[in-house]
Amino acid sequence: MAATTTAVPATGAAALARSVVKHRAFGKLLLLAVVAAVLIPVVNARWASGTWPEALTVDVSDPLTKTSDWIIDNRDSHPLFLYFFGHVSNAVVLSVRAVYVVLLAAGWAGVTAAAALIAWRVAGVRLAIGTGVAFLVSGLLNMWVPAMQTLALMVVAVLASVVLGALLGLAAGLSDRTYRALRPVLDTMQVLPAFSYLLPVVLIFGIGVPAAVIATVVYAAPPMARLTALGLRGADGGVMEAVASMGTTARQRLLTARLPLARKELLLGLNQTIMMALSMAVIASLVGAGGLGDRVYQALASVDVGAALAASIPIVLLAIVLDRVTGAAGERLGDSGSSASSAKSGLVWWGCVAVGAVAVALAGRFTDRLNWPQGWVVNIAEPVNRAVDWMTAHLYSGVPYVGGTADWAGHFTTWVLDPVRDGLQGLPWWSVLLIVATLAWLIGTWRTALTAVLAMAAIGALGVWKPSLDTLSQVLAAVAVTLVVGFAIGAVAARSERLERLLRPVLDVFQTMPQFVYLIPVVALFGVGRAPAVAAAVVYALPAVIRITTQGLRQVSPAAMESSRSLGATNWQQLRQVQLPLARPALLLAVNQGVVLVLAVVIIGGLVGGGALGYDVVFGLAQGDLATGLVAGAAIVCLGLMLDRVTQPTERRTRKGA
Amino acid sequence: MTTTSTASSSSPSSSSSASASSSSSGGVGKAGSPVFAVDGLWKVFGPKAERIPGDSALTDLGPAELRARTGCTAAVRDVGFEVRKGEVFVVMGLSGSGKSTLVRCLTRLIEPTAGTISIDGEDVRAMDKARLRELRRHRASMVFQHFGLLPHRSVLDNIAYGLEIQGVGKAERRKKATEFVAKVGLEGMEQRKPGQLSGGQQQRVGLARALAVDPEVLLFDEPFSALDPLIRRDMQEEVIRLHREEGRTMVFITHDLNEALRLGDRIALMRDGRIVQLGTPEEIVGSPADDYVREFVRDVPREQVMTVRKAMRAASGDEADRGPAVAPDTTVSEAIEAVARTGSPARVVDEGRCLGVVDSQALLGVVAGTGRPADGTGGPADAVPDADGDAVPDADAESRDARSAGEGVA
């Protein structure tokens, strides 16, 4: 094209114009420009203001306060609460308590033995040792009781999530109509930050274990439902046809073919549900979950990094163990060798596991060692705090040449976060909507653009325009850093086998950790404020972006790479002209995932001084001011929706970052 | 069928089986009523498909026009045929000709749009769900191109699957499945998973699974297309062997002409959803119905398909008394050998009667494809009962393996 233009300027320009008009993106832009040209003068004349105009906000805090008051007043008398939520709440409390009592009765030895034996049975010796170590470390760190509280809550929440998710997934997998209705809901729930689930649950159940469990179930059930539906729908058509050709009934088809064929997806769903449940069970400490999350939360509130670390190590170990064991179980199921004899021997094995666990538990009971012996506790809080103090004294600022971590954080805040925030807040409100519409439409369809604009408008209407833009500025800064670093590392890892091998276990670990945990090291390094929130978000989102980028670049067809090499392309030319264009869908997905993950943590950053919407939620919970919290929660939902839609490539993948 | 089985006790021949047709045209082909009778069958995909078959303005349109006019695709157009008991009925055509859709219509895996299908005289399209299940469970089993095995089950349990569906007890179905493991030559692999088997082995499992329910008809949907050529050949021989041993009726879909000629007693050649020619391999190769079929069979080694029956002329002079004797269904290539060895025309002898002679001229004509158009029965020389009836070369017997249906079916 360029050559044509220089050679014959006139015809070249004409051709350029033609080709541009034909291009879809240009048509969209043209249409948007026309719409904007018509609407903006009108809008600007009526509601000229930089921030969202007062006239267009709806005051929801009054009705919300009234609703919340009404619920609090009627929680013990209204039939809806008496006969439905009351029973749900009681059932949750009872079952969590029952599991907790069983765990305590088994004693630390019994629980550790049972966990290790189960891990050994489904995942092999190495993971069994890992599991045992994880539990013992929890005890060593004096976190046995909180760990059991978290575990009890998890067990109940995971069971409920799996049952609920599997039922929904079954319905969606077998009925097209249900699937069409359910899919957008599940897709959307997948991208919402965990924080936004807390408030509505608290509104109904009040602060306490039931709210925590219900929030966890609502957060963790969607992946199970999604993957169940996907697995059932994705059954090999050839096999299903063959099975039908043998005269099976619908029931037989489901039980003998469709469900077994979907077993990989079912196990992946179980794995994701467990991981999300753990993540949420920790965050749900804000609404009364107790356990490990609560310890972290309390420690963070008083910036006691040592105590937070002591509580978060068991969380991380638990997460890794749960992920690896369920993952390994899935793989084993995928390619198990013999089946005929294994059913019977499997029972025998499980019997042995049960007997072994019970024996250890009884031994513990008779030797009167139910509780973790106090003599075996290692107190890491103090040394860690000393280390942090040392860091504060020596690394925070004034390190020659490089400055200090606090200096960096400060610079990042003043030079990046503040300008972006002020810029966003200084933009006329309609231009923000216009930018959102343009981006969403260019990347996606008019539907996604419309959803995004409506979501953004809803934020304005809720009256939280300013804090939302504050949050947005943090998200944008974090996403920019994440993408630059992530794409760079991803591109290098895609070229170097060795680097990828080195990175893989690190990424695996980072991807399994609950969001909450990321706050602790950044607080230690950067203190509190918006910069640490952004840093935590970057660290949380980076592994997924690196992984998707690497996979996307690697999956570029070897034939295309080979042919470009045979034409004598340099490495750089290959990357720019072959790999990047072909990996475009993967890169877009990486952007999308990066945005979603960053948002989740930026919101949680409200706990460590991130301010904005996250702080509103925390404040609402802490002060019992549900109206503020609910509005902020709704704004988070809208922001999440908007960010997802703006970056949504046409097709989605199933799994977060994998 | 039993007659054929006994007649073909000698060892199977791999190379010449394509040429085979029924051993004694009079004796076997009569085998009674059709298993499947299909008439006026249509399968149209697309919006309001049911209006197409009845509308004569639309039925005459070509595929592209039909698509443009109605948005519909007629995969099967007004197809009718009968599958006789014990025969191997091959439906062959290129991809997109509608053959796979056709075979799925037989057990209503795909619901036909119009027409009638009956199995043993019973209307398939009128069956309710339970009856249809019964049909699929006991009367017609299918073998698929991509096997359709359950990946989470062992070979044994895959083979027993059909029995399990029927509610057969575990011990019994395992025992039965074990028999079929042996029958398809998979001994020692009972506990493997399909993913651990090669393509050919997987298809043996598919075949055993279909056989294990002892169906009246076996339906094959391009079963060997996904296999390597050598394994494909093995599997074809396996099917020929099974057919010879059990005499089961088979409907065999393929896009491979050589496979069709090797296996088929009769072949229906499909194009754009219609059957363009239906006949024995010899008829298809010897007298193509139109240019499409002619083009299709152009490269077929004619001498291995055509029999001397089609090439012979009336004996003149003393030809009826000398020269090597061959049976009417000897292939031309075998006759060439006989003629070349003796240097004189060969007599075509059936049950002691000399039907005619073939000389090198006629045989070369067949090979070159310039021979006179076959006129079916040929001009039999006036029957001269001849004592030389025994001289029919034994070699012929081996090529009569799996053929049962008679000849000369239009």
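What you see as residue numbers is a count from 1 along each chain, following the sequence as written. Both sets of labels track the order of writing: A upward for chains, 1 upward for ligands. Thresholds applied to this predicted model are a pLDDT of at least 70 for local features of residues and 80 or more for the giving and counting of side-chain atom pairs; totals over whole chains, interfaces and linings are not thresholded and use all residues.

Undergrad: Honestly, the overall build of chain B in this entry has me stumped. Any pointers?
TA: The secondary structure content of chain B amounts to 17 helices and 13 strands. Burial in this document is a count-based property: other C-beta atoms within 10 Å of a residue's C-beta are tallied, and the residue is buried at 20 or more, exposed at 12 or fewer, or partly exposed in between, with C-beta positions derived from the backbone. The buried share among the 410 residues of chain B stands at 50%. Residue pairs qualify as contacts under a 7 Å threshold applied to their C-beta atoms, which are placed from the backbone. The contacts of chain B with a sequence gap of at least 6 include a subset with a gap of at least 24, amounting to 72%. Comment: elements are numbered from the N terminus, with helices defined as DSSP H or I runs of at least four residues and strands as E runs of at least two.

Undergrad: Can you walk me through the UniProt feature "domain: ABC transporter" (unreviewed entry) in chain B in this structure?
TA: Those residues carrying the UniProt feature "domain: ABC transporter" (unreviewed entry) are residues 61-297 of chain B in this numbering. The straight-line gap between the two end C-alpha atoms of residues 61-297 of chain B is 26 Å; of that span, 43% is helix and 22% is strand. UniProt positions are given in the numbering used here, feature names are shortened, and annotations may be inferred rather than shown by experiment.

Undergrad: Looking at this model, I keep getting lost on the pairing of strand β9 (residues 266-271) of chain B. Mind explaining?
TA: Residues and elements named next belong to chain B. Most of β9 is tucked away, with 5 of its 6 residues classed as buried. Being paired, for any two strands, means DSSP has found at least two bridges between them. Relative to strand β10 (residues 274-279), β9 runs antiparallel, the two sharing 5 bridges. Of the residues in β10, the one forming a bridge with R271 is R274. Counting the residues in the hairpin turn of β9 and β10 gives 2 residues, including D272, whose phi is positive at 50°.

Undergrad: Is there a simple way to explain the UniProt feature "domain: ABC transmembrane type-1" (unreviewed entry) in chain A in this structure?
TA: Residue and element names in this part refer to chain A. Taking the numbering used here, the UniProt-annotated feature "domain: ABC transmembrane type-1" (unreviewed entry) corresponds to residues 147-326 and 468-647. Structurally, residues 147-326 is divided into 84% helix and 0% strand, and its ends, taken at the C-alpha atoms, are 19 Å apart. From the first C-alpha to the last, residues 468-647 spans 18 Å; its make-up is 84% helix and 0% strand.

Undergrad: I keep staring at the environment of B:V79 and nothing clicks. Help me out?
TA: Residues and elements named next belong to chain B. Mapped onto the elements, V79 comes out in strand β2 (residues 73-84). Placed 197 residues apart in sequence, V79 and V276 show a C-alpha to C-alpha distance of 9.7 Å. When near neighbours in sequence (up to four residues on either side) are disregarded, V79 contacts V38, L41, L102, R274 and I275.

Undergrad: Mind showing me how you'd approach the sheet that holds strand β13 (residues 353-358) of chain B here?
TA: Neighbouring strands of a sheet are bound in pairs by backbone hydrogen bonds; such pairs are parallel or else antiparallel. Residues and elements named next belong to chain B. With respect to topology, 3 strands assemble into an open sheet ordered β11-β12-β13, the strand pairing being mixed. At either end of the open sheet lies a strand with only one pairing partner, and these are β11 (325-326) and β13. Here an axis means a line fitted to C-alpha atoms, over the contact stretch when the element is a helix, while the angle between two N-to-C directions is reported on a 0 to 180 degree scale. Of the strands in this sheet, β11, β12 (346-350) and β13 are in contact with helix α16 (residues 332-342), which crosses β12 at around 130°.

Undergrad: Sorry if this is basic, but what is going on with the confidence of the model for chain B here?
TA: Interpreting fine coordinate detail is not advised for predicted regions of low pLDDT. Residues and elements named next belong to chain B. The predictor attaches a confidence to each residue, and that confidence, scored 0 to 100, is pLDDT. Considering every residue of chain B, the mean pLDDT works out to 79; 82% of them sit at 70 or more. This stretch, residues 1-31, has a pLDDT under 50; its non-local contacts, to residues over four places away or in other chains, come to 81 contacts. Taken together, the stretch residues 373-410 has pLDDT below 50 and engages in 103 contacts with residues farther than four places along the chain or on a different chain. At the level of chain-chain contacts, confidence expressed as ipTM amounts to 0.73, with global pTM at 0.76.

Undergrad: Where do I start with the nonpolar core in this structure?
TA: A general trend in soluble globular proteins is that nonpolar side chains are found buried together. As used throughout, a nonpolar core is a set of buried Ala, Val, Leu, Ile, Met, Phe, Trp, Tyr and Cys residues joined through C-beta atoms within 7 Å of each other. Counting residues in each nonpolar core, the largest one holds 324 residues, and the members touching the most others are A:A215 and B:V251. For every domain, the bounds stem from an assignment made automatically or drawn from a database. Both domain 1 (2-296) and domain 2 (302-400) of chain B contribute no fewer than three residues apiece to this core. Excluding residues within four positions of it along the chain, B:V251 makes contact with B:F36, B:V83, B:F89, B:V91, B:V103, B:L106, B:V217, B:L219 and B:F220.

Undergrad: So what exactly am I meant to see when it comes to the packing of helix α7 (residues 144-174) of chain A against helix α8 (residues 176-191) of chain A here?
TA: Packed helices, taken two at a time, are described by the angle between their axes plus the distance between the axes. Residue and element names in this part refer to chain A. Look at α7 against α8: their axes get within 5 Å of each other, and the N-to-C directions meet at 125°. With respect to their mutual orientation, α7 and α8 come out oblique. Contacts from L168, A171 and A172 of α7 reach α8 at T178, Y179 and L182. Residues are grouped as follows: Ala, Val, Leu, Ile, Met, Phe, Trp, Tyr, Cys and Pro are nonpolar; Asp, Glu, Lys and Arg are charged; all remaining types, including Gly, are polar. Residue composition of the contact of α7 with α8, by class: 5 nonpolar, 1 polar and no charged. Between 65 and 115 degrees an angle is taken as roughly perpendicular, under 35 as roughly parallel, over 145 as roughly antiparallel, and anywhere else as oblique.

Undergrad: Please clarify how the interface of chain A and chain B should be interpreted in this entry.
TA: Much of the literature gives interface size as the accessible area that the parts lose upon coming together. Between chain A and chain B, the residue contacts involve 17 residues of the former and 19 residues of the latter. Every element with two or more residues in the side of chain A that touches chain B is listed here: α11 (237-245) and α12 (250-261) of chain A. Residue contributions to the side of chain A that touches chain B peak at 6 residues, all from α11(A). Considering only residue class, the side of chain A that touches chain B consists of 7 nonpolar, 8 polar and 2 charged.

Undergrad: How do you make sense of the sheet that holds strand β5 (residues 122-123) of chain B when you look at a structure like this?
TA: Taken in spatial order, the 4 strands of this open sheet run β2-β1-β4-β5 (chain B), and their pairing is antiparallel. On the outer flanks of this sheet lie β2 and β5 of chain B, each paired with one strand and no other.

Undergrad: Please clarify how helix α11 (residues 229-246) of chain B should be interpreted in this entry.
TA: Since there are 3.6 residues in each turn of an α-helix, residues three or four apart along the chain are aligned in direction. Residues and elements named next belong to chain B. Under the convention used throughout, the expected extent of a helix is 1.5 Å for every residue step, that is, one less than its residue count. In a regular helix each residue adds 1.5 Å, so 18 residues correspond to 26 Å; α11 covers 25 Å between its end C-alpha atoms and thus fits that length. Residues of α11 that are buried include every one of R232, M235, Q236, V239, I240 and H243, and no others. With its buried residues spanning 145° around the axis, α11 presents them on a single face. Residues of α11 that are exposed and point more than 90 degrees away from the buried face comprise L230 and E245. A positive backbone phi angle near 65° is found at G247, which sits one or two residues after α11. Along the arc lie the directions from the helix axis toward the C-beta atoms.

Undergrad: What exactly am I supposed to notice about helix α17 (residues 360-368) of chain B here?
TA: Residue and element names in this part refer to chain B. Within α17, burial applies to A362, L363 and V366. Summarising the axial view, the buried residues of α17 lie within an arc of 100°, below the 170-degree limit, and thus occupy one face. Exposed and facing more than 90 degrees away from the buried side of α17 are Q361 and A368. In this structure, the buried residues of α17 make contact with α15 (308-311), α16 and β13. Backbone geometry just after α17 places G369 at a positive phi near 80°.

Undergrad: What is the right way to look at the packing of helix α9 (residues 170-183) of chain B against helix α10 (residues 199-212) of chain B in this model?
TA: All names here are of chain B. The interhelical angle for the contact between α9 and α10, taken along N-to-C directions, is 135°, at an axis separation of 9 Å. Judged by the inter-axis angle, α9 sits oblique to α10. You can see that α9 and α10 cross each other, and the crossing is right-handed. Note on element contacts: α10 touches α9 through A208, L211 and A212, opposite K176, A177, F180, V181 and K183. The residue inventory of the contact of α9 with α10, partitioned by class, reads 6 nonpolar, no polar and 2 charged. Working rule for handedness: look at the near helix, and if it is turned counterclockwise from the far one by less than a right angle, call the crossing left-handed; if clockwise, right-handed.

Undergrad: Whenever I open this one, the pairing of β12(B) confuses me. Can you help?
TA: Where a strand is regular, its side chains alternate between the two sheet faces. Residues and elements named next belong to chain B. Of all 5 residues in β12, 5 are buried, a share of seventy percent or more. Going residue by residue along β12, you find A346, V348 and D350 tucked away on one face and R347 and V349 tucked away on the opposite face as well. Here β11 pairs with β12 via 2 bridges, running parallel. Within β12, the position partnered with V326 by the bridge is V348.

Undergrad: How should I be thinking about unusual backbone geometry in this particular structure?
TA: All names here are of chain B. Even without being glycine, K48 reaches a positive phi, approximately 45°. Phi is positive for E222, which is not a glycine, with a value near 40°. In this fold, E222 is placed in the loop between β7 (217-221) and α11.

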